[in-house]
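Notes for the structure review
As a plain string of letters, each chain reads:
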Amino acid sequence: MRKILKNILITGLFLFLITFSALLTYLHFFASDDKDLSGNWTAKLDMTKQSAVTALSWLQDIEAVSISLEDMEDYMQGLTIEVNLTLEQTANSEGTFHCNILPESYDVCNQAAYEAFAAAFEELLIERLRMAGYTGNIDKETIEELVTETFGMSTVSYLESCGPRLLPSLKDLQAQYDGSGTYKTEEGILTRQFDDGQEVTTKTEYYIRKDSRLILSEETDSGHSPVMYILQ
């Protein structure tokens with residue numbers, strides 16, 4: 001089962017990368033010649049696919065009623081985490097930057113993910129009861145009361161406590177995105193030096209700017225998808 005889920009995830013990622021590659025090609029030929037990246041940029045990291053796959057894997061592990069990845073994604077729409085990136089050019093092709101994940105955006109996304117997970121979980125409980133031959137009145141309110149009586153907490157709280165972690169931890173995301181320092185641009189490559197006061201680390205990305213859009217794609221094969229920022 002995990003192999004099937006892995007294949008589904010890889011296929012979805014492959015299709016996403018094909019689409020994104022087409023967009024990158026388009027922007028490459030029609031991108032603005034403006035090399036000044038100064039401004040406040042915002043990106044929204046899509047957490048839908050990861051949350052859906054994780055939730056589906058957990059449900060199948062506990063042998064819940066069958067549900068497809070597409071169905072789970074329908075429950076988990078619009079799951080995004082906001083990233084702010086401020087760039088200020090101080091000289092030709094160089095400047096300073098500051099980047100951070102918004103903790104409140106993470107909290108909202110995490111809560112929405114578990115609420116969507118709870119909705120899917122309750123629907124599956126209703127289906128399982130009906131398959132077991134229960135003929136009484138069953139609705140989400142009844143299921144919520146049943147879960148509360150059984151576990152002493154709401155469905156959302158139960159899944160948060162006993163279910164899988166749907167999102168990467170805030171700490172992991174901050175380690176990937178948060179930081180400030182200096183940057184340089186050269187022939188479509190953005191090099192950022194993160195300075196945390198103790199050590200300096202370097203992050204190199206391809207970049208394409210088209211009007212109010214800025215796409216960053218890591219130069220190394222990190223497995224991370226390109227990120228699109230919008231100028232605010």
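See the structure shown above.
The following refers to the structure shown. (Residues numbered from 1 in each chain as written. Predicted model: local features only at pLDDT ≥ 70, side-chain atom pairs only at ≥ 80, totals over all residues. Heavy atoms only, no water.)

Another aspect to go through is the sheet that holds strand β5 (residues 189-195). Here we have eight strands rolled up into a closed barrel, ordered β1-β2-β3-β4-β5-β6-β7-β8, and antiparallel in their pairing. Direction aside, neighbouring strands of the sheet carry axes that sit 30 degrees apart on average. Where helix α4 (residues 103-131) meets the sheet, it contacts β2 (80-91) and β3 (94-101), and its direction lies at approximately 160 degrees from that of β2. With respect to the sheet, helix α7 (residues 170-177) is in contact with β1 (39-46), β2, β3, β4 (179-186), β5, β6 (200-210) and β8 (227-231), its orientation differing from that of β3 by roughly 175 degrees. (Pairing = 2+ DSSP bridges. Helix = DSSP H or I, 4+ residues; strand = E, 2+ residues; numbered from the N terminus. Axes fitted to C-alpha atoms, helices over the stretch in contact; angles between N-to-C directions. Contact = heavy atoms within 4.5 Å.)

Before going further, it helps to spend a moment on helix α5 (residues 140-151). Across its 12 residues, α5 extends 16 Å between first and last C-alpha, which sits within 8% of the 16 Å expected from 1.5 Å per residue. The N-cap residue of α5 is aspartate 139: its side-chain oxygen and the backbone nitrogen of glutamate 141 are 3.2 Å apart. Looking one or two residues past α5, glycine 152 carries a phi angle of roughly 75 degrees, positive in sign. (Expected span 1.5 Å × (residues − 1). Polar contact = N/O pair within 3.5 Å; in protein donor to acceptor, adjacent residues only side chain to side chain.)

This part is about empty space enclosed by the protein. Evaluation of the coordinates by the stated rule reveals one cavity of 30 Å³ or more. The calculated volume of the largest cavity comes to roughly 90 Å³. Lining the largest cavity are 13 residues; nearest its centre among them are Tyr177, Lys203, Glu205, Glu218 and Val227. If you list the elements that add at least two residues to the lining of the largest cavity, you get α7, β6, β7 (213-218) and β8. (1 Å grid on protein atoms, 1.4 Å probe; cavity = no way out; pocket = protein on both sides within 12 Å on 5 of 7 lines; lining within 4 Å. Points joined across faces, edges and corners; volume = space filled by probe spheres on them.)

Tallied over the entire structure, the rule returns five salt bridges. Taking the shortest distance from any N to any O, the salt bridge between glutamate 82 and lysine 44 comes out at 3.4 Å. Taken together, the residues span a long stretch of sequence, with glutamate 82 in strand β2 and lysine 44 in strand β1 at a distance of 38 residues. On the basis of relative accessible area, glutamate 82 is assigned to the partly exposed category, the value being 21%. Salt-bridge contacts for lysine 203 lead to glutamate 218; the nearest nitrogen and oxygen are separated by 3.9 Å. (Salt bridge = Lys/Arg side-chain N within 4 Å of Asp/Glu carboxyl O. Buried < 20%, exposed > 50% of the residue type's maximum accessible area, 1.4 Å probe, protein only.)

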